[in-house]
Amino acid sequence: SLALLTLLSLEKSSTTSNSNSNFPWLDRTAHASAPVMLMPKMKQMDPEEVAFEQYYKREDARIQAQMAERQRNMREIEAREGKEARIAYERAWDRERQAENDAKLQGEVTLKRQLLDQGICPFVDPEGFRQITLYETGMDLAEFEGTQANMEKINQDKYPAQSQATKKQPHRFIIQCKVQDLQRRGIDPLVYFED
């Protein structure tokens, strides 16, 4: 049995050395490894998407609290003063919310006009998008790491020549001229740029 094992080991070493020296692709030894397992794809989260998700969660919680307070007040008023007083409170509350929404929409239109006067298109320019988002949500995208607005803020601080504000100065000047031209011709620039 020892002779057989010695013979087999000699034969294997001669086969391996012959195949490696002359024809390496014919090597019969196995080069096995563990199976390659694919990693599951992770969902890539866009920083702006994360910021908006956080905003919507906060906004939902605020609205839920506001509605709970409204319901509590309506029950108290109805218990104290009757059904008619509750209905009057409900209508007054609805009018207040409608007035707030109207004022916010009017403020947004005013902001868009001011941005256009500065040469910043609120529909295309990332700075316009950042300012509109800040007005609508109170959330500054420049504060969320990885967003385009955050990269622009970093560039303005560290590399002013590479910032979009510097690079887009000629484009913004053209938009300012276009806005002035549209106003002289009696065309609403906001409607023009919105299309």
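Here the structure is a predicted model, which means the values were calculated and not measured. (Residues numbered from 1 in each chain as written. Predicted model: local features only at pLDDT ≥ 70, side-chain atom pairs only at ≥ 80, totals over all residues. Heavy atoms only, no water.)

Notes on the overall build of the chain
Alright, step 1. Helices and strands together make up the secondary structure of the chain, namely 8 helices and 0 strands.
Alright, step 2. Starting at the N terminus, the α and β elements of the chain follow one another as α-α-α-α-α-α-α-α.
Alright, step 3. For the chain, the proportion of its 195 residues judged to be buried stands at 23%.
Alright, step 4. Summarising the internal contacts of the chain: among those between residues at least 6 apart in sequence, 44% fall at separations of at least 24.
Alright, step 5. As presented, the chain carries roughly 14,800 Å² of accessible surface, and 56% of it is formed by carbon and sulfur atoms. (Helix = DSSP H or I, 4+ residues; strand = E, 2+ residues; numbered from the N terminus. Buried < 20%, exposed > 50% of the residue type's maximum accessible area, 1.4 Å probe, protein only. Contact = heavy atoms within 4.5 Å. Areas by Shrake-Rupley, 256 points an atom, 1.4 Å probe, with all protein chains shown as cover.)

Comments concerning the side chain of Arg130
Alright, step 1. Looking at where Arg130 falls in the secondary structure, it is placed in helix α4 (residues 126-137).
Alright, step 2. When near neighbours in sequence (up to four residues on either side) are disregarded, Arg130 contacts Asp140, Leu141, Ala142 and Ala149.

Quick word on helix α5 (residues 148-158)
Since the α-helix turns once every 3.6 residues, residues separated by three or four places project in the same direction.
Alright, step 1. Looking at α5, one finds that the buried residues are Ala149, Asn150 and Glu152. Considered in projection along α5, the buried side chains sweep an arc of 160° and stay on one side of the axis.
Alright, step 2. On its buried side, α5 packs onto α4 and α6 (164-167). (Arc of directions from axis to C-beta.)

Topic: the confidence of the model for the chain
Alright, step 1. When pLDDT is averaged across the chain, the result is 83; 82% of the residues are at 70 or more.
Alright, step 2. Segment residues 15-19 is flagged for pLDDT under 50; beyond a separation of four residues in sequence, or across chains, it makes 6 contacts in the model. (pLDDT = per-residue confidence, 0-100.)

Focus: the pattern of salt bridges
Alright, step 1. By the definition in use, this model includes 16 salt bridges.
Alright, step 2. A salt bridge links Glu78 to Arg86, with the shortest nitrogen-to-oxygen separation between them at 2.9 Å.
Alright, step 3. Taking the relative accessible area as the measure of exposure, Glu78 reaches 35% and is therefore partly exposed.
Alright, step 4. With relative accessibility at 16%, the residue Arg86 sits in the buried group.
Alright, step 5. Asp140 is paired through a salt bridge with Arg130; the nearest N and O atoms lie 2.7 Å apart. Pair noted here: Asp140 is in the loop between α4 and α5 and Arg130 is in helix α4, with a separation of 10 residues, a long-range link. Pair check on accessibility: Asp140 and Arg130 agree, each one buried.
Alright, step 6. Several salt bridges share partner residues, and in doing so they unite Arg70, Glu78, Arg86, Glu90 and Asp94 into one network. (Salt bridge = Lys/Arg side-chain N within 4 Å of Asp/Glu carboxyl O.)

A word on the packing of aromatic side chains
Alright, step 1. Going through the model one piece at a time under the given rule, you end up with 4 aromatic pairs.
Alright, step 2. Residues Phe52 and Phe129 carry aromatic rings whose centres are separated by 6.5 Å and whose planes lie at 55° to one another, so their mutual orientation is tilted. Remark: Phe129 occurs in helix α4 and Phe52 occurs in helix α2 (residues 47-81); sequence separation between them is 77 residues.
Alright, step 3. Relative accessible area serves as the criterion here: at 19%, Phe52 is assigned to the buried category.
Alright, step 4. Residue classification places Phe129 among the partly exposed residues on the basis of a relative accessible area of 37%. (Phe/Tyr/Trp six-rings, centres within 6.5 Å; stacked < 30°, edge-to-face > 60°.)

A closer look at the environment of Gln180
Alright, step 1. Residue position: Gln180 is located in helix α7 (residues 169-184).
Alright, step 2. Distance in space between the C-alpha atoms of Gln180 and Leu116 is 9.6 Å, their sequence separation being 64 residues.

Notes on the packing of α2 against helix α3 (residues 83-117)
Packed helix pairs are characterised by how far apart their axes lie and by the angle those axes make with each other.
Alright, step 1. Contact geometry of α2 with α3 gives a least axis separation of 7 Å together with a crossing angle of 150°. Between α2 and α3, the angle is such that the two are roughly antiparallel. As for the relative orientation of α2 and α3, their crossing is right-handed in sense. Within the contact between the two elements, α2 uses Gln66, Met67, Arg70, Asn73, Met74, Ile77, Glu78 and Glu81 and α3 uses Lys83, Ala85, Arg86, Tyr89, Glu90, Trp93, Asp94 and Arg97.
Alright, step 2. In terms of residue class, the contact of α2 with α3 is built from 6 nonpolar, 2 polar and 8 charged. (Axes fitted to C-alpha atoms, helices over the stretch in contact; angles between N-to-C directions. Parallel < 35°, antiparallel > 145°, perpendicular 65-115°, else oblique. Left-handed = near helix turned anticlockwise from the far one by under 90°. Nonpolar A, V, L, I, M, F, W, Y, C, P; charged D, E, K, R; others polar.)

A closer look at α2
Alright, step 1. In a regular helix each residue adds 1.5 Å, so 35 residues correspond to 51 Å; α2 covers 50 Å between its end C-alpha atoms and thus fits that length.
Alright, step 2. Tucked inside the fold, the buried residues of α2 contact α3 and α4.
Alright, step 3. Positive backbone phi, at 110°, marks Gly82, one or two positions downstream of α2. (Expected span 1.5 Å × (residues − 1).)

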